[in-house]
Amino acid sequence: MKKILVIGSVGQIGSELTLELRNRYGNENVVAGFRRTQPSEELATSGPLENVDATNIEKLAEVIKKYKIDTIYNLAALLSAVAEEKPQLAWNVGVNGLYNILEVAREYKCAVFFPSSIGAFGLSTPLDNTPQDTIQRPGTMYGVTKVTGELLSDYYFKRFGVDTRGLRYPGIISNVTLPGGGTTDYAVEIYYEAIKNKKYTCPLAKGTFLDMMYMPDAIDAGIDIMEADPSKLKHRNAFNITAMSFDPEIIANSIKKHIPDFVMDYNVEPLKQKIAESWPNKMNDSCAREEWGWNPKYDLDTMTRDMLDKIGKKLSK
Ligand code: VAH
């Protein structure tokens, strides 16, 4: 039976991933690790909670031993735009934290999930049909922490046999948790504003294409990769995965199919625009599909229908 620790369980991915892991493996087998932000009532009442700061290796080891953890999902990170404002903190959480997690995983024989990102690529990467194995020279601290994390995780697999696996997530869109400080946050905000005000001012320019994914697919991918047959994995850290690619105009048109009088204008935020332009327009995720069966269920229109339905219900309460 898996005994799982989710570090960063109150974040955009962590909060929904932890609940799904509890559904699949049993509430008592999934420990929700958090630092400052208090867990939701659902997270707090459905299973064990621990205050875990990945930069404190002693506390981390204590929790691993207390619950006999065999799998660590490490979702602690500062997202791209915030990481540019606080690069030293981003490095400390993203890299020093990961180093501690890998060291504890080495000592207590835990598997480790590492969430990389499209942010691990830069302007010198082929931005269309971005290959699984290609040049990675990101220009952001977020990207530097992700490339470092990929290399460190692969090293721990090859040198110490730690079962590390990772995904290069695209922008993730959720109807549950609001994102905090990401370049792709617009793709969540637009749905709320469309419902509330039928108007949205977009911080990214028309024609800025980015890979995206609906949260249910992101959660399934995070669980499926850790359950995959290791003998089939030619790659480890980290797999390109994507479900769709769109620019602001395309997602706005998808919303207009349901809210015909929705209007969008632009007020480009230079930092987010600069970051977005250095990320792929569309990744090639054939390795994930071949090596562990990656196959997203949601496209833009099915996601839009579900987002508007779920957020509409939430806002009408
Ligand atoms: C961000 N949503 O924008 C995150 C994500 C690929 C983007 O890492 O920073």
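Quantities reported herein were computed from a predicted structural model and do not represent experimental measurements.

Caption draft 1: The arrangement of the overall build of the protein chain in detail. When its secondary structure is counted, the protein chain shows 12 helices and 14 strands. Seen along its three principal axes, the alpha-carbon backbone of the protein chain occupies a region of about 55 × 45 × 35 Å. Looking at the protein chain residue by residue over its 317 residues, the buried ones come to 56%. At a minimum sequence separation of 6, the contacts of the protein chain that also span at least 24 residues come to 79%. Counting every atom, the protein chain has about 13500 Å² of accessible surface; 51% of that belongs to carbon and sulfur. For the protein chain, the separation between the mean place of its 38 positive charges and that of its 41 negative charges on side chains is 3 Å.

Caption draft 2: Quick look at the packing of aromatic side chains. Within the structure shown, the criterion is met by 9 aromatic pairs. Centroid distance Phe-239 to Trp-292: 5.9 Å. Interplanar angle 80 degrees. Geometry classified as edge-to-face. Taken together, the residues Phe-239 in strand S11 (residues 239-240) and Trp-292 in helix H11 (residues 286-292) connect sequence positions 53 residues apart. Summarising the burial analysis for this pair, Phe-239 and Trp-292 share the class buried. For the pair Trp-292 and Trp-294, a centre-to-centre distance of 6.2 Å together with 45 degrees between the ring planes defines the contact as tilted. Neither Trp-292 nor Trp-294 differs from the other in exposure class; each is buried. Through pairs of rings, three or more aromatic residues link up here, namely Tyr-73, Phe-113 and Tyr-169. Taking the ring centre of Phe-160 as reference, the NZ or CZ of Arg-106 above it sits at 5.0 Å. Between the NZ or CZ atom of Arg-236 and the centre of the ring of Phe-157, over which it lies, the distance is 4.0 Å.

Caption draft 3: Spatial organisation of the site of the ligand. In the neighbourhood of the ligand, the contacting residues comprise Leu-79, Ser-80, Ser-117, Ile-118, Tyr-142, Tyr-169, Pro-170, Gly-171, Gly-182, Thr-183, Thr-184 and Trp-279. Between an oxygen atom of the ligand and a side-chain N or O atom of Ser-117, the distance comes to 3.4 Å. Between Tyr-142 and the ligand, the recorded distance is 2.4 Å, taken from a side-chain N or O atom to an oxygen atom. Here the ligand has 270 Å² of accessible area as a free molecule, and 95% of this is covered by the chains. For the shell around the ligand, the class distribution of residues is 6 nonpolar, 6 polar and no charged. When residues of the shell around the ligand are assigned to domains, at least three map to each of domain 1 (4-171 + 213-240) and domain 2 (174-211 + 244-281 + 298-315).

Caption draft 4: Summary view of the side chain of Arg-236. Residue placement: Arg-236 occurs in the loop between helix H8 (215-227) and S11. One polar contact links the side chain of Arg-236 to the main-chain carbonyl oxygen of Thr-164, over a distance of 3.3 Å. Excluding residues that lie within four positions of it along the chain, Arg-236 makes contacts with Asp-154, Phe-157, Asp-163, Thr-164, Arg-165, Gly-166 and Pro-230.

Caption draft 5: Summary view of the sheet that holds strand S2 (residues 30-34). Within the open sheet, the 7 strands sit side by side as S3-S2-S1-S4-S5-S7-S11. Their pairing is parallel. Strands at the two margins of the open sheet, each flanked by one partner only, are strand S3 (49-51) and S11. With 4 bridges connecting them, strand S1 (residues 4-7) and S2 associate as parallel partners. Paired with Ile-7 across the two strands is Gly-33, which belongs to S2. Against the sheet, helix H1 (residues 12-25) contacts S1, S2, strand S4 (71-74) and strand S7 (164-169), and its axis sits at roughly 165 degrees relative to S2. Strands in contact with helix H6 (residues 141-160) are strand S5 (111-117) and S7; relative to S5, the strand with the most contacts, it is inclined by about 150 degrees.

Scoring rules and cut-offs
- Residues numbered from 1 in each chain as written.
- Predicted model: local features only at pLDDT ≥ 70, side-chain atom pairs only at ≥ 80, totals over all residues.
- Heavy atoms only, no water.
- Helix = DSSP H or I, 4+ residues; strand = E, 2+ residues; numbered from the N terminus.
- Buried < 20%, exposed > 50% of the residue type's maximum accessible area, 1.4 Å probe, protein only.
- Contact = heavy atoms within 4.5 Å.
- Areas by Shrake-Rupley, 256 points an atom, 1.4 Å probe, with all protein chains shown as cover.
- Lys, Arg positive; Asp, Glu negative; His and termini not counted.
- Charge placed at Lys NZ, Arg CZ, Asp CG, Glu CD.
- Phe/Tyr/Trp six-rings, centres within 6.5 Å; stacked < 30°, edge-to-face > 60°.
- Lys NZ or Arg CZ within 6 Å of the ring centre and 35° of its normal.
- Near = heavy atom within 4 Å.
- Polar contact = N/O pair within 3.5 Å; in protein donor to acceptor, adjacent residues only side chain to side chain.
- Nonpolar A, V, L, I, M, F, W, Y, C, P; charged D, E, K, R; others polar.
- Domains from an automatic or database assignment.
- Pairing = 2+ DSSP bridges.
- Axes fitted to C-alpha atoms, helices over the stretch in contact; angles between N-to-C directions.

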